[in-house]
Amino acid sequence: MLAGIAKQQGQSAPFAMAGPAPKIDIERLKALLDGVNAFGLNGQTGGFNRIGYSDADMAVRDWFADRMEAAELAVSRDAVNNIFGRFGPEDGPCVMAGSHLDTVPEGGAFDGSLGACVALECVQAMREAGIAPQTAVVVAVTAEEEGRFGGMLGSQAIAGKVTAEWIDAARDSDGIALLDAMRAQGLNGRDAVNCAWPKGAITAFLEMHIEQGPVLERAGCPVGIVHGISGVCFLQVRFTGVANHSGTTPMDMRADAFAGLADLACRIPAIIAETGTDQSRVTIGKVELNPNFAHTIPGIAAFSIVIRDTSEPVMRALKSSTLRDIRAAADVHGLKTDIEEKSWLTPVTLDANLHALLVGEAERLGIAHLDMPSGAGHDAQTMQSLCPSGLIFVPSRDGISHAPGEWTDWGYIEKGAQVMLNALVRLSSA
Ligand SMILES: [Zn+2]
């Protein structure tokens, strides 16, 4: 599918076309993002609440579909409320670009929304420059990316990665069934299995997203070109000791579940030094103690351990070192262990040709860029299972995301968006 890319990269002229080179209109892009962020704003906190299949999420999609129609795109929706706006030939394969509009509770102004807006701005800039693409460019606004129901439903549906069993079982953290949440918005979740695009229908997928971490900012770099996305191993562990009086039980006669947990937490840097890489992350993020009372030795510590890395062999090695140290910490403190692997998501390598194409466009534009992995999940990783996919990052101020303080400098956004635009022009010109 991308056989033409390597050849095109060798060309030094930017584009074979008449008229001015297409350019991002940053003011138009700002206005579009402001329009999106009129939906779901909590005036008290400054956070955005467009949770998948909430009223605000449905409303922003209708509004965005109107913006696509105003930009003279052919707009369509599928059963999970992914929205597509097609620019160029009605038939044949397409190049797809986009991201999501849903947010986490009290999320920020840029996560997902920026990528959806940039995709629409790119086709508007192409039209303005008089470009008639040979291959259609489809702007995609994906549904339920933030995982209210535990997946990335929109892109998984496009990629044919949802099963009827999963749809029937999916619940949010309040116990609301996906099928009920969708039904309340007039959607039939069971049709999610019919949303898949056939192989070959999408020749490439591009997404621009905020980094959601501090790496680009620390490097002083405006653009990241992502080569891969970390996998995630989720272990749920339970240490069981003996709850007892904190005053009468001598220190050497305790089976203190929290002491075992603390011991394990202190071993994490050594686990990473032994079997990890600089991409490795091991996190104990959720802890429940029982009885959780100031004057009682904790009898039970139940906690999560999440292991991430961009290499599957490294993840496996980290997991086995972690399991070994869980048992070692339990032995030291006289605890019984129960370990359950809740999920294992394999790391994803994004398309190497698309990565090279994005690097090439950044270089042609004289934009400094960093080759980097993503520690967070994105639609592009799901889409990679269907078609070659690429991901562009722009810096997050102070590395903050999923919070009202989320911010990206518009100068950086303009650079990242221009890389995306030039890549789309190139991909759609053949
Ligand atoms: Zn996102």
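The structure we're discussing is the one just above.
So, how was this worked out
Residues numbered from 1 in each chain as written. Predicted model: local features only at pLDDT ≥ 70, side-chain atom pairs only at ≥ 80, totals over all residues. Heavy atoms only, no water. Helix = DSSP H or I, 4+ residues; strand = E, 2+ residues; numbered from the N terminus. Buried < 20%, exposed > 50% of the residue type's maximum accessible area, 1.4 Å probe, protein only. Contact = heavy atoms within 4.5 Å. Areas by Shrake-Rupley, 256 points an atom, 1.4 Å probe, with all protein chains shown as cover. Lys, Arg positive; Asp, Glu negative; His and termini not counted. Charge placed at Lys NZ, Arg CZ, Asp CG, Glu CD. Salt bridge = Lys/Arg side-chain N within 4 Å of Asp/Glu carboxyl O. Donors = N, O, S within 2.8 Å, 3.2 Å for Na, K, Ca; no water. Expected span 1.5 Å × (residues − 1). Polar contact = N/O pair within 3.5 Å; in protein donor to acceptor, adjacent residues only side chain to side chain.

Caption draft 1: Inspection of the overall build of the protein at higher detail. Within the protein one finds 13 helices and 16 strands. By principal-axis analysis of the C-alpha atoms, the protein measures approximately 85 × 45 × 40 Å. When the 430 residues of the protein are sorted by exposure, 52% land in the buried category. Within the protein, counting contacts between residues at least 6 apart in sequence, those at least 24 apart form 79% of the total. When the accessible surface of the protein is split by element, carbon and sulfur atoms take 53% of a total near 17,900 Å². Side-chain charges in the protein split into 33 positive and 51 negative, and the spacing between the mean points of these groups amounts to 3 Å.

Caption draft 2: Inspection of the pattern of salt bridges at higher detail. With the rule as written, the count across this model stands at 16 salt bridges. For the salt bridge of Lys336 with Asp338, the shortest nitrogen-to-oxygen distance reads 3.2 Å. Members of the salt-bridge network, linked through shared partners, are Arg28, Glu121 and Glu128.

Caption draft 3: Structural context of the coordination of the zinc ion. With distances of 2.0 to 2.1 Å, the protein atoms coordinating the zinc ion are His100 (NE2), Asp111 (OD) and His209 (NE2). When the donors of the zinc ion are listed by position in the chain, the intervening gaps give H-x10-D-x97-H. Placement of the pair is Asp111 in the loop between strand E3 (94–100) and helix H4 (113–128) and His209 in strand E5 (residues 202–210), with a sequence separation of 98 residues. There is no split in this pair, since Asp111 and His209 are both buried.

Caption draft 4: Structural view of helix H3 (residues 55–70). An ideal rise of 1.5 Å per residue puts 22 Å on 16 residues; H3 measures up with 23 Å between its terminal C-alpha atoms. What H3 keeps buried is the set Ala56, Asp57, Met58, Val60, Arg61, Phe64, Ala65 and Met68. Where H3 terminates, the next one or two residues include Glu72, which has phi positive at roughly 60°.

Caption draft 5: Fine view of the environment of Gly115. Within the element layout of this structure, Gly115 appears in helix H4. Looking at Gly115, the relative accessible area reads 0%, which means it is buried. Taking the C-alpha atoms as reference, Gly115 lies 4.7 Å from Met208; in sequence the two are 93 residues apart. Setting aside its immediate chain neighbours within four residues, Gly115 contacts Gly98, Ser99 and Met208.

Caption draft 6: Fine view of unusual backbone geometry. Pro291 follows Asn290 through a cis peptide bond whose omega is 5°. Positive phi is not limited to glycine here, since Asn81 has a value of about 75°. Its place among the elements puts Asn81 in the loop between strand E1 (74–77) and strand E2 (83–87). Phi angles above zero are rare outside glycine, and Asn292 is one such case at about 60°. Looking at the element boundaries, Asn292 is found in the loop between strand E10 (287–290) and strand E11 (296–297).

Caption draft 7: Local environment of the environment of Ile392. Position of Ile392 relative to the elements: it lies in strand E16 (residues 389–394). Of the residues examined, Ile392 reaches a relative accessible area of 1% and is grouped as buried. Put simply, Ile392 and Thr163 are 229 residues apart on the chain and 29 Å apart in space, counted from C-alpha to C-alpha. For Ile392, the residues in contact, after removing those within four places along its chain, are Glu207, Met208, His209, Val223, Gly224, Leu358, Gly416, Val419 and Met420.

Caption draft 8: Looking closely at the side chain of Asp57. Within the secondary structure layout, Asp57 lies in helix H3. Among the polar contacts made by the side chain of Asp57, one reaches the main-chain amide nitrogen of Tyr53 at a distance of 2.8 Å. Excluding residues within four positions of it along the chain, Asp57 makes contact with Arg50, Ile51, Gly52 and Asp102.

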